[in-house]
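What follows is each chain in one-letter form.
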Amino acid sequence: MDLTTRLHLLNLIRLSASAESSCRAADRAARRASARRKEAAATRRRLRLQLRTTPSAELDAARQALEDAELAFSARSADTEAAGARWGRAFTASARADARLGDELAVTRELTGSDQPRTKGGRAKAEAALLAELAAMPKKLLDAAHAILVQSSAGKDSVVALDRVVRWAKAAGCLSKVVVVHADIGQEAEWPGVRDLAQQQAERYGLRFMVVKASVGFLGMVEKRGLWPDAQSRLCTSTLKRDEAAKLFTQIVDELGLDDQALIVNCLGIRAAESPSRRKKHELAIDHRASNGRRLVLTWHPVFHLTEEEIWQEIADQALDYHPVYDTLIPRLSCIFCILASFDVLVRAVRLCWVLGLPTPKTYVDLEERIGHRFKNQFSLAQVVEEASRQEAEEGPLTWRRGDAIRHHLGEGAATAYLQRLALAA
Ligand code: SF4
């Protein structure tokens, strides 16, 4: 099966999944409308009975209440009918999408070993098989894409993902399609130089660099909600990064000006080893939320299977520039204070802020006090700052040397060689 057919089938799978989810939503809406109609019917019944025993002095008011209830019942009945009709249309669309997918997946047994391509399980198997095959042919996939976006935080995983995508795109002769996207979450929340580094990393390969930014940054979002985000509801990632990147898809597709559906490969530097929730993701996936008739968006994780050591090895081997924050042995170049970071990492971040003369610890502690919500369930930022002060008094200010991150992960020899290669490349 050629690549175009695979992509076509993936799009049919997307349409079938989307039609099914619309059908489910319509079903829920129809049930809600029916429940409201039942409530209105019960009210009408109760008022009709009451009317029989209402004293004549209160009859006018009771008749009016019944009239209102009759009107409410009629309106709820009309809503229920409309919701039922919407569900009917959604059901038909879903059945059609499934039928078309089933017909075109004539090779489904070969792909999935399943005789049930029209079931959710059969569709998921076909999707997984198609995506696994595409992930195994990165150059062909990039060549077929109309646009290749690399979402870069400027962190270690992003820079390796970018370097890999660039090498594959060069080999496929389509480097010009690669665009580096950086989500700016607010200067007051990020380490200094992050945006500039993301830009330099893109410019190293001569790539277009774009920045997306929500109207309200991280701290503004927390102030507005009166809550810090947490691991269960990572609004910071969805609002400040994912939703902004989705707007860019529209811009890119407009720029392409294609008559047919565009294929966008959206690359993210996330790794399975980072967390149990990331382990559940796949190397390549359909972005159902961002895809539509104008674009099929595939999310690709080019460093998904790498360990942290392997990431540092590629940084050393390819002489990739990384942010000096890593040399202080802070493991992720995230927000200065990331809601997912451990207590020890946050303590280190506070001490680094003090060395750099950043006002961030005070800004965050003040905000925490103002909104009356702890930074994390287990501890407050005020406690983090307290522990940082204790360590600072015992050990003095934080110190580090360029190359310490490589030294820590790969040893002294690797760090020396890396710094030499970096100097030569400059
Ligand atoms: S780095 Fe942490 S705090 Fe910042 S946006 Fe990402 S998850 Fe949220």
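Here is what the cut-offs are and how they apply
Residues numbered from 1 in each chain as written. Predicted model: local features only at pLDDT ≥ 70, side-chain atom pairs only at ≥ 80, totals over all residues. Heavy atoms only, no water. Near = heavy atom within 4 Å. Helix = DSSP H or I, 4+ residues; strand = E, 2+ residues; numbered from the N terminus. Nonpolar A, V, L, I, M, F, W, Y, C, P; charged D, E, K, R; others polar. Domains from an automatic or database assignment. Contact = heavy atoms within 4.5 Å. Buried area = accessible area lost by both parts, 1.4 Å probe. Salt bridge = Lys/Arg side-chain N within 4 Å of Asp/Glu carboxyl O. UniProt positions renumbered as here; feature names shortened; annotations may be inferred. Buried < 20%, exposed > 50% of the residue type's maximum accessible area, 1.4 Å probe, protein only. Axes fitted to C-alpha atoms, helices over the stretch in contact; angles between N-to-C directions. Parallel < 35°, antiparallel > 145°, perpendicular 65-115°, else oblique. Left-handed = near helix turned anticlockwise from the far one by under 90°. Pairing = 2+ DSSP bridges. Polar contact = N/O pair within 3.5 Å; in protein donor to acceptor, adjacent residues only side chain to side chain. Arc of directions from axis to C-beta.

A. Inspection of the site of the ligand at higher detail. Surveying the vicinity of the ligand reveals the residues Phe218, Arg234, Cys236, Thr237, Lys241, Ser334, Cys335, Cys338 and Ile339. Looking at the shell around the ligand, the element that brings in the most residues is helix α9 (residues 235–256), giving three residues. Along the lines of polarity and charge, the residues of the shell around the ligand split into five nonpolar, two polar and two charged.

B. Examining the environment of Ala17 more closely. With respect to the helices and strands, the residue Ala17 is situated in helix α1 (residues 3–52). Separated by 81 residues in sequence, Ala17 and Asp98 have C-alpha atoms that sit 8.6 Å apart.

C. Examining the domain arrangement of the chain more closely. Split into domains, the chain comes out as domain 1 (3–130), domain 2 (144–308) and domain 3 (312–425). Taken together, the contact between domain 2 and domain 3 spans 38 residues of the former and 36 residues of the latter. A combined buried area of about 3000 Å² lies between domain 2 and domain 3, and 64% of that area is made up of carbon and sulfur atoms. In terms of surface lost to domain 3, no three residues of domain 2 exceed Lys156, Trp191 and Trp228, which account for 30% of the buried area on that side. On the surface where domain 2 and domain 3 come into contact, there are four salt bridges. Across the salt bridge formed by Glu223 and Arg370, the nearest N and O atoms sit 2.8 Å from each other.

D. Examining the UniProt feature "domain: Phosphoadenosine phosphosulphate reductase" (unreviewed entry) in the chain more closely. As recorded in UniProt, the sites labelled "domain: Phosphoadenosine phosphosulphate reductase" (unreviewed entry) are residues 148–339. Secondary structure over residues 148–339 splits into 37% helix and 17% strand, and the C-alpha atoms at its two ends are 30 Å apart.

E. Representation of the pattern of salt bridges within the structure. Under the defined criterion, the tally for this structure stands at 30 salt bridges. We note a salt bridge from Asp27 to Arg31, for which the minimum N-O separation is 3.2 Å. Linking Asp27 with Arg31, this pair stays in helix α1, spanning four residues, or about one helical turn. Take Asp27: its relative accessible area is 24%, and that puts it in the partly exposed class. Note that Arg76 and Asp79 form a salt bridge whose closest N and O atoms lie 3.4 Å from each other. A residue pair is termed a helical-turn pair when its members lie 3 or 4 positions apart in one helix, as Arg76 and Asp79 do in helix α2 (residues 59–104) at three residues.

F. A look at the packing of helix α6 (residues 156–172) against helix α11 (residues 308–317). Where α6 contacts α11, the two axes come as close as 10 Å, and the packing angle between them is 60°. As summarised for this structure, α6 and α11 are arranged oblique, according to the angle between their axes. Crossing geometry of α6 relative to α11 is assigned as left-handed. Residues Lys156, Asp157, Val159, Val160, Arg164 and Arg167 of α6 touch α11, and the partners they reach there are Glu308, Ile311, Trp312, Glu314 and Ile315. Looking at the contact of α6 with α11, its residues break down into five nonpolar, no polar and six charged.

G. The arrangement of the pairing of strand β3 (residues 208–213) in detail. Here strand β2 (residues 178–184) pairs with β3 via six bridges, running parallel. Of the residues in β3, the one forming a bridge with Asp184 is Lys213.

H. A look at the environment of Arg295. Relative to the assigned elements, Arg295 resides in strand β6 (residues 295–300). Separated by 45 residues in sequence, Arg295 and Thr250 have C-alpha atoms that sit 8.6 Å apart. The contacts of Arg295, once residues within four sequence positions are left out, are Ala246, Phe249, Thr250, Val253, Gln261, Ala262, Ile264 and Ala290. In terms of polar contacts, Arg295 uses its side chain to reach the side chain of Thr250, at 3.1 Å.

I. Focus on helix α8 (residues 218–225). Turning to α8, its buried residues are Phe218, Leu219, Met221 and Val222. Down the axis of α8, the buried set is contained in an arc of 160°. They therefore lie on one face. Packed against the buried residues of α8 are α9 and α13 (360–371). In the segment just after α8, Gly226 is the residue with positive phi, at about 70°.

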